[in-house]
Amino acid sequence: MSSPTTTAVPGAGLDEERASSEGSRAQADAEAFGADARDAEARDAEALDAYSLTVAGVAERLAPSVANLRVLRSTRRGRIPAGAGSAVVLTRDGFLITSAHVVAGRQRGGRATFVDGREIGFRVVGADPLSDLALLRAEADDLSPATLGDAARLRVGQLVVAIGNPHGFAGSVTAGVVSALGRSLPARSGSTLRMIDNVIQTDAALNPGNSGGALVDSFGRLVGVNTAVAGVGLGLAVPINDATRKVIGALMTHGRVTRAYLGVAGGPRPLPARARRDRGQDTGVEVIEVVPGSPAELAGLRVEDLIVELAGERVAGVEDIQRLMVGEKIGVSLDLLVLRGGAELRLNLVPRELTA
């Protein structure tokens, strides 16, 4: 019997080779995808580790410089608890900074507790409610001062760490980013209302007792003093900048901050088209109220006047006037340029000292 004849199917060998090649390619693609996924996971782990190392390093470096405050008030029955918060060491010989509202009121002092277990008495050197900053003096000469930074160099999205000491022996640490800059926060002293300018907003949540604590950058430099909660997961801090350094210096030297006073209330208003074109300026401050007997009234300022320049400086908003009202301007004749009925008018104004 003859053997069966095997007939070759045209292209069958090519199909087998193609299938084998496609199988190999699919396996290679799967291996490559797996390698990419592993690389991505490794990169994520490295990034998370770098983030953790930064936050942990900052917290470890700053913890000795942040104190827990137990504020006491003197009464006829002795000293009684009046509040709590945090503070940041400024100098080795005992100066600390905190929020003014933490130590608000007369005859305040208390105890400052540090992470090494020390409990040290302190007194209030001076407080400035209009910037929400206060200076304390602790009874020590071997503290660990924080390094001051400059909030003017911050950028939205930058990493910041909020450090407080609400419990005394264990600091509270939250990390986040700068979510907004240039915010304003109202502050009051008696009947005087003023806006704190250039407040820092972060998503580093503030815990109870963190008021007066440190807001620091990724290098551990103090860029703000935590002051308030702006909403769920948002915190506000008074910036450490040229203006607040002057406040700290005044509190350290004199125990108080002096400011000049005009006696007007106003708000921003667009300039008329012609003035906007001639001056290259979009807005000024419209006078809404003039306090009777104030420097503004004595200078001849009227309601509906539009302030566009003060002491040679352009005025585009209320914050521009506030920035100029420093103690050095008290009793000094200042040139004031206003628009009244569309025409420019120059007045001379002599500020007085602002009193609460």
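Note that the structure is a prediction, hence the values are computed from the model and not measured.

The rules behind these values
- Position numbers for residues start from 1 in each chain and track the written sequence from start to end.
- This being a predicted model, a pLDDT of at least 70 is required before a residue's local features are given, and a value of 80 or more before pairs of side-chain atoms are given or counted; all residues contribute to the totals for chains, interfaces and linings.
- The side-chain quantities take in all heavy atoms of the structure and omit both hydrogens and water.
- Helix and strand assignments come from DSSP, with helices taken as H or I runs of at least 4 residues and strands as E runs of at least 2, each series counted from the N terminus.
- A helix is expected to reach a length of 1.5 Å times the quantity of its residues less one.
- Only protein chains enter the area calculation, which uses a 1.4 Å probe; residues under 20% of their type maximum are buried, those over 50% are exposed, and those in between are partly exposed.
- Think of it as the arc spanned by the lines of direction from the helix axis to the C-beta atoms.
- Here, two residues are considered to be in contact whenever any of their heavy atoms come within 4.5 Å of each other.
- Strands pair, by our definition, only if DSSP identifies at least two bridges between them.
- For helices, the axis comes from a line fit to the C-alpha atoms of the stretch in contact; other axes are also lines fit to C-alpha atoms, and the angle between any two N-to-C directions lies between 0 and 180 degrees.
- When the centres of two rings from Phe, Tyr and Trp lie within 6.5 Å, Trp using its six-membered ring, the rings pair. Their planes under 30 degrees apart give stacked, over 60 give edge-to-face, and anything left gives tilted.
- In this analysis the charged atom, NZ for Lys or CZ for Arg, is taken to sit over a ring once it is within 6 Å of the ring centre and within 35 degrees of the ring normal.
- Throughout this description, a polar contact denotes any pair of N or O atoms lying within 3.5 Å of each other; where both atoms belong to protein, one of them has to be capable of donating a hydrogen while the other can accept it, and for residues adjacent in sequence the pair is counted only when both atoms sit in side chains.
- The definition of a nonpolar core used throughout is a set of buried Ala, Val, Leu, Ile, Met, Phe, Trp, Tyr and Cys residues joined through side-chain atoms within 4.5 Å.
- pLDDT runs from 0 to 100 and stands for how confident the predictor is about each residue.

### With respect to helix α2 (residues 242-254)
An ideal rise of 1.5 Å per residue puts 18 Å on 13 residues; α2 measures up with 18 Å between its terminal C-alpha atoms. Looking only at α2, the buried set comprises Thr244, Val247, Ile248, Ala250 and Leu251. Around the axis of α2, the buried residues are gathered within 160° of arc, so they sit on the same side. Away from its buried face, by an angle of more than 90 degrees, α2 presents the exposed residues Asp242, Lys246, Thr253 and His254. Residues of α2 that are buried in the fold lie against β3 (95-98), β5 (119-128), β6 (133-138) and β13 (234-239). Looking at the residues trailing α2, positive phi occurs at Gly255, about 80°.

### Quick word on the sheet that holds β5
In spatial order, the strands read β1-β2-β3-β6-β5-β4; together these 6 strands close into a barrel with antiparallel pairing. In this sheet, adjacent strand axes meet at a mean angle of 40° when their direction is disregarded. Inspection of the sheet shows β5 paired to β6 by 6 bridges, in the antiparallel sense. Following the sheet pairing, Ala127 is matched in β6 by Ala134. Lying on the sheet, α2 is in contact with β3, β5 and β6; it crosses β6 at an angle near 45°.

### Things to note about the packing of aromatic side chains
Aromatic ring pairs: the centre-centre distance and the angle between the two ring planes describe each pair. Counted according to the given criterion, the structure contains 0 aromatic pairs. Over the ring of Phe114 we find Arg118, and its NZ or CZ is 5.9 Å from the ring centre. One residue, Arg137, lies across the ring of Phe95, its end atom 4.2 Å from the ring centre.

### Looking at the environment of Arg183
One can find Arg183 in strand β9 (residues 172-189). With a relative accessible area of 32%, Arg183 lands in the partly exposed category. For the pair Arg183 and Val238, spaced 55 residues apart in sequence, the C-alpha to C-alpha distance is 10.0 Å. Within polar-contact distance, the side chain of Arg183 engages the side chain of Gln201 at 2.4 Å.

### So, the nonpolar core
Residues Ile97, Ile163 and Val216 are the most contacted members of the largest nonpolar core, which totals 29 residues. Sequence-distant contacts of Val216, that is, excluding residues within four places in its chain, are made with Val58, Leu62, Leu159, Val160, Val161, Ile163, Arg221, Leu222 and Val223. Counting 19 residues, the second-largest nonpolar core is a separate cluster that includes Ala260, Leu262, Ile321 and Leu334.

### Focus: the confidence of the model for the protein
Summing up the model confidence of the protein, the mean pLDDT is 84 and the portion of residues at 70 or higher is 84%. Highest mean pLDDT in the protein belongs to β3 (97); lowest belongs to helix α1 (residues 12-62) (65).

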